Structures are given as C-alpha cells and as structure tokens.
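So you can see what is in the structure, the chains are spelled out below.
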Amino acid sequence: MNSKESSTSVNQDANSGNNDDDVSELCPGFKDVDAFVKYGLGTVVSATKASAGLPQAGDEYDFYRSFPGFQEFCESQGDNLLRCMSQVMKHHGCRSHMMDQNNLTGQEDRFDLVVDSNDAILERVGILLDEADGVNRTRDPIMPAGFQPPKIVVSSWNRKGSGSGGRFEMFRLLHAKNVARPQLKFKEKVDNSNTPFIPKIFIKPNAVKPLPSYFTNKQMHRERPEDLDVPAALADLIHQQRVQENVDDMFAHPYQYELDHLTIPESLLSKPEPQLYKPVEETKCSFITTLEDLVALNEKLCQLSEFAVDLEHHSYRSFLGITCLMQISTREEDFIIDTLEVRSEMYILNEAFTDPAIVKVFHGADSDIEWLQRDFGLYVVRLFDTHQASRALNLARHSLDHLLTHFCNVASDKRYQLADWRIRPLPEEMVQYARSDTHYLLYIYDRVRAQLLDFNHGQAGLLKSVWDRSRDISLKKYMKPIFTEESYLELQRKQKKSFNTQQLAAFRLLFAWRDKLARQEDESTGYALPTHMMIKISEELPKEPQGIIACCNPVPPLVRQQVNELHLLVQQAREMPLLKVRVYAGKRKSKCPKFQNTLFGPHDTSRVSESDLHPFSSDGNLDTCAVLEYICDTVHLMAVAKITLFEVEEVFWIPHSLSVAQMKAQRIEETFENPFRMVGHKRKPYNFGFSIKLYFFISKKWKLLSVEKQQQELEAKRKAKQEAKEQAKKAIGNGPHCVLLKKMKHYVALHQILISMCTEERKKAKQSYKESLQNVATVRQQAAVSHFGSFMLPPGRGGGV
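Keep in mind the model is a prediction, meaning the values are calculated, not measured.

A.B. asks: Lay out helix H25 (residues 563-574) in plain terms, naming residues and giving numbers.
C.D. replies: Look at H25: 16 Å from first C-alpha to last across 12 residues, which is about the 16 Å you get at 1.5 Å a residue. If you check which residues of H25 are buried, you get Val-563, Leu-566, His-567, Leu-569, Val-570 and Ala-573. Buried residues in H25, looked at end-on, bunch into an arc of 160 degrees, giving them a common side. For H25, exposure combined with an orientation more than 90 degrees from the buried face picks out Asn-564 and Leu-568.

This is the structure:
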C-alpha cells in the first residue's frame, strides 16, 4: 500500500505540473528529467521490496505452489513478464520469440535470447552515451584530438585529500580518443617479431673499444627476419648464417668495456656546494621538434658538466611500448624533446650521453635505460640515480614526489600522471608537469651527495656505492619479450590458478592467440585480451560465442572482431580428455651408496664419472633395461632440487618397489574410465610429448617383460633350492659326522624301548595294588566288628554265617 501511495503522490506531483502553462513537459505526466528519475527509482525500490517478500526457493515455494490459486497466479504473472520482455526485444530489433518455446529446451533458448538482447541493448546504450559525450563513431570528430576536453574519472583510487576541511582533489586521467597512431609515421618499422633484440647503434662516440663491424653495416639490420611466425631459435640461426658474426658481439652491451673501466674522479666524491634552482617562471623552456634543434641541443649539452634527464612512456596501445617525450634540464634552461617527431635522429645525443666527463642525473633509471636502447639506440655513461641515493640515505620514501617535498619544499602536481603522452599538441598543463620532473633534479643531486658524505662522517664510501649502483643500472640491456611454448606457465604461476587439462589447454591456446595478435596489430596484450578475462574464459569454457562475450566486460575490440576464432580455440580445448593428476603416496626404499669421503653427500654429482651417467650402448641405441637400471641406481644422484606449483613432474615408476598385486592395481587404475563422461563421447588421442612417449614405451616394455622375468626368477629359485637339498644329503651321507648321526639314532631307539618297559612295569604295579586292596577291611568295618560281632558282616567281608 505504501508503494501505491508513493506512486500516486508522485503522479499527482507530476500531474500538478500540467496545470502550469509556463513549464513544458518532458513526457506525458513528467515535467522534467528529475521527476521521471524520481518516479522510476521509487518504482524500482517498490518492486525490490515486493520481490523480497516472495516465497524463497525450496520447501517454502513448493508449499505455496501446492495451492491451485497460487500456481495459477504465478503462471499468469510469468506469461505477462515474458510478453513484456518480448515487446522490449521487438522494440530494439532483437529476436523476441519468448512465448513459442519447447518445454524441453525452453529455458535454455529463452536464456540465450535474453543474453543476446542484453548485449545488443547495452551496445546501443554505449553508442548513445558516446554521442552524448560528443564522440560520434560514424563521423569525424568535431574537435581535434588534442583540443578535446579531458575526461575526469572519479573513483576512490584517485581521490587525494587536501587540507583539513575534508575537500578532495581528483587526479585527471586523460583519454586520447581518435589519436592517430604515431607508429604509422615512424621511418623504421617497429620490429615485433619473435626474435631477440639487437642494439640499434651504428656509430659509437667516445669509444675506447671500437664497435663490431656488424653494427656499422645497416644492410645487415634490414636483412633480419621479421616474420612473426618464425621461432626465435630458427630466426637466430638464419641471422647468424647471414652475418657470420659471433653471438656475443651481436647481443653484447656496446659500452660494456667503457663502463667496466670507468673510474670516479675525486671531484665527484667531494662535498659539493648546492646550487639553488631558478624559479620555473624565470627559466627558459625550448620545445625540440626538428633535426636542427636537436643538433643545437647536443652541442649545448657537450659543453656542460651535468644535466638531468627524464622520459614519458606509453605502453597501452603498443606491443613493446613507445617513448613519447624526453625532458632535459640544465642549470639555466629546460628542454622538451618530441621523440615521436625526431625518433630516428635521437642517436645524435649519444655524443653527450656517453661522454664520461658529463654526469647524467636520472631518478629511477631502470626502465629509462632500457627504453633509450630500444627506441633510440642511446646509451648512458656516468649515470647518477637519485633513487639509489635515497635508498642509501634510508629516507621515508624514495619517490621523486617525496624528494621534491623533502629538499625543495615543492608539492608536485600528479594530476597528469596517467595521461596519454601521445596527444599532440601537448596541453600547457602537461608541459608544466613534464618540466617539473627534471627542473629541480640537479639541485636534489647536489643535496643528496652532500648528505651521503655527512651521513658517512665525511668518508666517500657510501657515495661511491651509489655511483657503482648507478653504473650497474647503465649496464642493463633491453630484452624483448620472446614467446615460447612454456611462456603461459609463468603467467599461470603468477596468477596462482589451478586448472584441469581442458582449462589449461584453453589458457595455453588463448595466451598464444593473444601474443600473436598483439604483435600483428602492434597492441599491448592487455588491450588485446586482459589477463583476468583470459582466465575467466579458460575457467568457464563457454559453449557459444555469446558466452565468450559475456566473460568480457567491457568487451575488447579485438575480441569482438575475432570471437569466432576464440570460440574454435575453446572448442578445441573442450575436446581434450579430462585427466586427473595422480600422486604416488608410497615410499620407495632406495639404497644410497656409502661414500668414502664424508664431505660429499648422496646428492653430490661432482664425483660421478661420465660412464656412470650415460645408459647408452656403444652404437648409440637406447637400451630399455639399461635405462631402468640406470634410473634405479642413479636417481638419488641425479635429483634436482626445485620447487614447482603447477608443473607435474614426469616420474618413472620403478617396478622393483611394487609387488605383483600393487602392479595389477596400478594397471586397473590406469585403465579406469570416468563413468560421468558424456555417453557417445569420442575420445581423441592425446598429443603426448617426447618424454611422456618415452615413459609409456618403457612402461609397455616392462609390462611385456615382467611376467616372463618373474617366471624365470621363480624357476631359478626353485632349482637353487632343490640343488641345495641334494648337496646337503650328499654331504651327510659321505661326511665324518655320519657315524655320530647313526649313534644318535640308536640312542633314541634305546630310549624309546626303556620308556615302553617302564610304562608296562608301572601298569602292572598299579594293577597288583588294586587287587590287594579288595580283601582289606576299612576302619569303619573294623569298628563295627568289634562292637556287634562278626556275624553282622556280610560274606566276604570277614564275617561268618
């Protein structure tokens, strides 16, 4: 009743607005959007309360269902709901045959119709919301991408407190929709092939050791295979045959020798006088977009003794990632380099970056060093990392934000921390944010060096350790992600997911599909198919393409385009047999050899000869029995200590440790077929690996030989026992102890005769004693005779007649 009254009051309020001629109605009965939303929310709340009062599924519902009135009411309401749903689906152009369904498959068909309709309706809602935001997918953008207003995402993770008044400040996440892909303008095509990375350097300034000839020949770089389907090992072999160079020269750090022999001058180990930074408003800022400006910048940097460097990176819409911006600051000026425009000419800065007389100050340069090598072929000699200095000083936090607050009393603006740095032209706010990362870094460099010396009582040991750590960071080499058949296992361990064979096969196939598609489209794997969605699909194993779409929210564009291919991969995984991993619980008694030297344990392989470790014949063929004996004898020596979470080790079961009954039970368990499998399911042969094939080969060989071998052993034991008996008889008949044995037999016979004689004599004595007692009167009889006379006694008892 309350819901009806509230809805009536709302209708009255809405209808009262009709009396006002000045106010135009949004729709019949509602003057504006707020009134409509208020009425809609009230109706939803009332419906929710009413649904909560319905009988719960189970015994309560079954009880009410037994009444004919309740049953008829439920059927009528169900028909009304299905009719309303059909009208909604028909209005949106979806299939709406909700009423004409078979009783056997009606529920599944209706569920599929609802899922399809929800996908279509939500897709249309998304399009309408984008159009409301000013983004029209079917037309060109009204405003250039760089001038579109930034979209602020308000959530709990990006809310930052400001002051004690409880007000909050939001971080700004800039979405760069409709941004032209910068990869299309690169002069050198991005190499996403499944081959190792080779340095891009071909000129080596400030060289102490010359650059190998391979890097100086650009023609060899172009001949490197870029086919995405070429395995890494095959691609390396082809490349080595082409260039005829040593692998160490191809993949070594070009400045390895210079960095290994780098010495620290005394001026860098002495206490500096901090030079205060200039205000940002009074500092000149230059934007570098041409080759001429880049050459002029390099000449300025070569005349300095130190400068600060920072990079801005983007990795979501690129497989390997893109360095979008480089900031360089000196004591007097700031520079911002558009690396998307001068990407192929950035190698010019190697003259300044590799000069050991110039200090390059970074903060957290671990990733920056790799990005410089990957995109520009730049290397750094004489690096100082303020992050390593912060760790040596044991500061509360080691971020650049904390260092700016601690040393400069400057609150950095991190609203554009998650911005898309591919936006061109850059907004002024983002330019100021980029400048702040390097403008104060040289002053922080002076302050941390002074504190490192003060912290160590004027000694240069702690400061020298920071220089050494920074040099180690400079020696880092960029490693391109290489796809192998076992790459998915590492991701599975990180996610800590346990799959059965079908789910693991789906995860493996989806992982390979995602890697190949991301390389082809030059998109990140997270953009192609996020990991959590890939795990969801692997766990659910949907039967239909709509199920794959339902596992993804929101649906990635590449998944929507190739959902049929993903469905085929999931079907392929579903056809795999369900295998349960069986762990043997028995304990095998192994005999470990006793070593003469007590310093070496049973798992030490340093004292094992090569002949003991190779169970192969002289002609190179594999001997099955030799393999089994080798495993039995050396399994304690060749054990490898490792910890695995999801790998199932291939164990060779040693038949010597099992009895005949245990072996029979094991064979029965191996042939057990799950009774819950679908009837008529055709089991396809499983694609076993080489090691599993070898195991089954040895196991089959052993099963064939085990019966015959056991019979031979039993026959040999029986013959040996018979021969032992015969030898014992011969030894007894011909030996000197034969006489003694005969005497012992004679003595035994005499002893038996004496025992029989004694027994007869004992019987005779006992019989005579019984006979003598028959004529003897008892004491009671003698007393009676003495009192009454002998005439009272019966005949034969001493009395007369």
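After that view, the rundown keeps rolling.
A.B. asks: Explain the packing of aromatic side chains residue by residue, including any values.
C.D. replies: Enumeration according to the criterion identifies 18 aromatic pairs in this entry. Each ring, one from Phe-63 and one from Tyr-64, has its centre 5.6 Å from the other, and the planes form 75 degrees; the classification is edge-to-face. We classify Tyr-64 as partly exposed; its relative accessible area is 35%. With 5.4 Å between their ring centres and 90 degrees between their planes, Phe-63 and Phe-67 make a pair best called edge-to-face. Geometry around Tyr-255 places Lys-204 over its ring, the cationic atom sitting 5.1 Å from the centre.

A.B. asks: Go over the pairing of strand S6 (residues 333-338) with me, naming the residues and quoting the values.
C.D. replies: A regular strand places its side chains on the two faces of the sheet in alternate fashion. Most of S6 sits out of view: six of its six residues are buried. Residue alternation in S6 divides its side chains into two sets, Glu-333, Phe-335 and Ile-337 and Asp-334, Ile-336 and Asp-338, and both sets are buried. Bridge analysis of strand S3 (residues 284-288) against S6 gives five bridges, and the strand direction is parallel. Pairing of Ser-286 across the sheet is with Phe-335, part of S6. Strand direction decides the pairing type here: strand S5 (residues 322-329) and S6, joined by five bridges, are antiparallel. The residue bridging Ile-328 from the neighbouring strand is Phe-335, located in S6. Where S5 folds back onto S6 in an antiparallel hairpin, the turn is made up of three residues.

Rules used in this analysis
- Residues numbered from 1 in each chain as written.
- Predicted model: local features only at pLDDT ≥ 70, side-chain atom pairs only at ≥ 80, totals over all residues.
- Heavy atoms only, no water.
- Helix = DSSP H or I, 4+ residues; strand = E, 2+ residues; numbered from the N terminus.
- Expected span 1.5 Å × (residues − 1).
- Buried < 20%, exposed > 50% of the residue type's maximum accessible area, 1.4 Å probe, protein only.
- Arc of directions from axis to C-beta.
- Phe/Tyr/Trp six-rings, centres within 6.5 Å; stacked < 30°, edge-to-face > 60°.
- Lys NZ or Arg CZ within 6 Å of the ring centre and 35° of its normal.
- Pairing = 2+ DSSP bridges.

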